[in-house]
Amino acid sequence: MHLESSHWDQWEARFTALAEASRLYTGPKSILGQASLHLCLYGENGVSPETEFLMLDELEAAEQAQPGTVQKIEIETSYWQEVVLFKA
């Protein structure tokens, strides 16, 4: 979602809450290619904001139904940090 979106604050709050409750994945990042669903906090998810919220709904529901289902990857460079939530 774009940082200047009118929905950004809601998006960031929900995404961050789920990220804080999710287990940190430390294995190979290639697992994202096998994930059934993944979302980036800051990166371009390639879908509309409405679809991003639907995907976030799905991740939240999966985590609520079975804790530990949603995992996160933290990607850091010298100037940039991204959090990706995913479920296998």
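Placed above this text is the structure.
Structure report, in brief. (Residues numbered from 1 in each chain as written. Predicted model: local features only at pLDDT ≥ 70, side-chain atom pairs only at ≥ 80, totals over all residues. Heavy atoms only, no water.)

**Overview of the pattern of salt bridges**
Phase 1 of the analysis: Tallying each qualifying case throughout the model produces three salt bridges.
Phase 2 of the analysis: In this structure, Arg-14 engages Asp-57 in a salt bridge whose closest nitrogen and oxygen atoms are separated by 2.4 Å. Note that Arg-14 is positioned in helix H1 (residues 8-21) and Asp-57 in helix H2 (residues 49-65), a separation of 43 residues in sequence.
Phase 3 of the analysis: With a relative accessible area of 22%, Arg-14 lands in the partly exposed category. (Salt bridge = Lys/Arg side-chain N within 4 Å of Asp/Glu carboxyl O. Helix = DSSP H or I, 4+ residues; strand = E, 2+ residues; numbered from the N terminus. Buried < 20%, exposed > 50% of the residue type's maximum accessible area, 1.4 Å probe, protein only.)

**Comments concerning H1**
Phase 1 of the analysis: Over its 14 residues, H1 runs 20 Å from end to end, which matches the ideal 20 Å to within 8%, given 1.5 Å per residue.
Phase 2 of the analysis: Residues Trp-8, Trp-11, Phe-15, Leu-18 and Ala-19 constitute the buried set of H1. Along the long axis of H1, the arc covered by the buried residues comes to 110°, so they all point the same way. Residues of H1 that are exposed and angled more than 90 degrees away from the buried face: Asp-9, Glu-20 and Ala-21. (Expected span 1.5 Å × (residues − 1). Arc of directions from axis to C-beta.)

**Observations regarding the nonpolar core**
Phase 1 of the analysis: Core analysis: the largest hydrophobic core is formed by 16 residues, its most contacted members being Trp-11, Phe-15, Leu-18, Leu-39, Leu-56, Leu-59 and Leu-85.
Phase 2 of the analysis: In terms of residues, this core owes the most to one element, H1, which gives five residues.
Phase 3 of the analysis: Discounting residues that sit within four places of it in the chain, Leu-59 has contacts with Leu-18, Leu-37, Leu-39, Val-70, Leu-85, Phe-86 and Lys-87.
Phase 4 of the analysis: The next biggest cluster of nonpolar side chains, apart from the first, holds eight residues, and it includes Tyr-25, Leu-32, Ile-73 and Val-84. (Core = buried A, V, L, I, M, F, W, Y, C linked by side-chain atoms within 4.5 Å. Contact = heavy atoms within 4.5 Å.)

**A word on H2**
Phase 1 of the analysis: For H2, built from 17 residues, the straight-helix expectation of 24 Å at 1.5 Å per residue is met to within 8% by its first-to-last C-alpha distance of 24 Å.
Phase 2 of the analysis: Where H2 is buried, its residues touch H1, strand E2 (37-40), strand E3 (70-76) and strand E4 (81-87).

**Comments concerning the side chain of Lys-72**
Phase 1 of the analysis: Relative to the elements of secondary structure, Lys-72 occurs in strand E3.
Phase 2 of the analysis: Separated by 2.9 Å, the side chain of Lys-72 and the backbone oxygen of Ala-19 make a polar contact.
Phase 3 of the analysis: Residues within four places of Lys-72 in sequence aside, it is in contact with Ala-19, Glu-20, Ser-22, Arg-23, Leu-24, Tyr-25, Val-83, Val-84, Leu-85 and Phe-86. (Polar contact = N/O pair within 3.5 Å; in protein donor to acceptor, adjacent residues only side chain to side chain.)

**Observations concerning the sheet that holds strand E1 (residues 23-24)**
Phase 1 of the analysis: Spatial ordering of the open sheet is given by E1-E3-E4-E2, a layout of four strands whose pairing is mixed. Strands at the two margins of the open sheet, each flanked by one partner only, are E1 and E2.
Phase 2 of the analysis: Here E3 pairs with E4 via seven bridges, running antiparallel. If you follow Val-70 over to E4, its bridge partner there is Lys-87.
Phase 3 of the analysis: Helix-sheet contacts for H2 involve E2, E3 and E4, and the interaxial angle to E2 is about 120°. (Pairing = 2+ DSSP bridges. Axes fitted to C-alpha atoms, helices over the stretch in contact; angles between N-to-C directions.)

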